[in-house]
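Structural characterization, general
The primary structure of each chain is shown beneath.
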Amino acid sequence: MTQRTLVLLKPDTVRRGLVGEILGRFEAKGLTIVAMELRHIDAAMSDQHYAEHVERDFYPDLRTFVTSGPLVSLVLEGDDAIEVVRVINGATDGRKAAPGTIRGDYSLSNRENLVHGSDSTESAAREIALWFPQLAL
Ligand code: CMP
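For the structure given in this document, a descriptive report is provided here. Every value quoted in this text rests on a predicted model; they were computed, and no experiment measured them.

**Notes on the overall build of the protein**
The helix and strand tally for the protein stands at seven helices and four strands. Along the longest, intermediate and shortest principal axes, the C-alpha atoms of the protein span 35 × 35 × 25 Å. Within the protein, the proportion of its 137 residues that are buried is 33%. Nonlocal contacts in the protein, meaning residues at least 24 apart in sequence, comprise 70% of its contacts between residues at least 6 apart.

Written out as structure tokens, the structure is:
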């Protein structure tokens, strides 16, 4: 089924010059970019995006990280795009992610893990509406 998913190329991706490499992986897979923006978010936007994590002990450091510099937000579309992006991204912890995945190849961290992808159809709808309200159905 054709789906849309919200992807973030987090500040570590921009700082390390990996935007082209990572975008290329999604494009080579066959996913279509339907919206994209370079953006430096504030704490309030982080709190909204990570609403389900704001009470977690790791959240203050996560918020500091995601607001530390510009990131790239985008919406990708394709068959089963939500799951396909999560497979391409790899496990959350870069130290445990499989080689061949983005995190497995480029991240050695549980926090600075380069990418975010929506984890369900409900999350995708919420996150797309938050980041790209003009696309909300
Ligand atoms: P993401 O897929 O964006 O979803 C939540 C983010 O929180 C995750 O990627 C990591 O960047 C971060 N994260 C999740 N678990 C931990 C943890 N145990 N310690 C630090 N950061 C974490």
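After presenting the structure, the write-up continues.
**Quick word on the pairing of strand β3 (residues 71–79)**
For a regular strand, side-chain orientation follows a simple rule: the groups alternate between the two sheet faces. Where strand β1 (residues 2–9) meets β3, eight bridges bridge the pair, whose relative direction is antiparallel. Residue Leu6 lies in a different strand from β3, and its bridge partner there is Val75. Note: strand β2 (residues 32–39) against β3, seven bridges, orientation antiparallel. Counted as the bridge partner of Ile33 is Leu76 from β3.

**Notes on unusual backbone geometry**
The phi torsion at Asp80 lies on the positive side, around 50 degrees, for a residue other than glycine. Structurally, the position occupied by Asp80 is in the loop between β3 and α5 (81–89). Taking the C-beta count within 10 Å as the criterion, Asp80 has 12 such neighbours and is therefore assigned exposed. One non-glycine residue with positive phi stands out, namely Leu114, at about 70 degrees. With respect to the secondary-structure elements, Leu114 resides in the loop between α6 (102–106) and β4 (115–117). Taking the C-beta count within 10 Å as the criterion, Leu114 has 25 such neighbours and is therefore assigned buried.

**Comments concerning the site of the ligand**
Around the ligand, the surrounding shell consists of His53, Phe58, Leu62, Thr92, Asn110, Arg111, Asn113 and His116. Among the residues making up the shell around the ligand, the classes are represented as two nonpolar, five polar and one charged.

**Describing the nonpolar core**
Counting residues in each nonpolar core, the largest one holds 24 residues, and the members touching the most others are Leu6, Val7, Leu76, Val85, Ile102 and Val115. Listing elements by their share of this core, those giving two or more residues are β1, α2 (19–29), β3, α5, α6 and α7 (121–131). The contacts of Val115, once residues within four sequence positions are left out, are Val7, Leu8, Leu9, Lys10, Thr13, Ile22, Asn89, Ile102 and Arg103.

**Comments concerning the environment of Tyr50**
For Tyr50, the position within the fold is in the loop between α3 (43–49) and α4 (59–66). Taking the C-beta count within 10 Å as the criterion, Tyr50 has 15 such neighbours and is therefore assigned partly exposed. In the structure, Tyr50 is positioned 13 residues away from Arg63 in sequence and 8.7 Å away in space, judged by C-alpha atoms. If we ignore the near neighbours within four places in the chain, the residues touching Tyr50 are Tyr59 and Leu62.

**Some remarks on the sheet that holds β3**
Strands belonging to one sheet form pairs held by backbone hydrogen bonds; the direction of such a pair is parallel or antiparallel. The four strands lie next to each other as β2-β3-β1-β4, forming an open sheet whose pairing is antiparallel. Of all the strands in the sheet, the pair left with one neighbour each is β2 and β4. Here the strands of the sheet are splayed against their neighbours by 20 degrees on average, with no regard to which way each runs. Relative to β1, α5 is tilted by about 35 degrees, and along the sheet it contacts β1, β3 and β4.

Reading the values: the criteria
Residues numbered from 1 in each chain as written. Predicted model: local features only at pLDDT ≥ 70, side-chain atom pairs only at ≥ 80, totals over all residues. Helix = DSSP H or I, 4+ residues; strand = E, 2+ residues; numbered from the N terminus. Buried ≥ 20, exposed ≤ 12 C-beta atoms within 10 Å, placed from the backbone. Contact = placed C-beta atoms within 7 Å. Pairing = 2+ DSSP bridges. Near = placed C-beta within 6 Å. Nonpolar A, V, L, I, M, F, W, Y, C, P; charged D, E, K, R; others polar. Core = buried A, V, L, I, M, F, W, Y, C linked by C-beta atoms within 7 Å. Axes fitted to C-alpha atoms, helices over the stretch in contact; angles between N-to-C directions.

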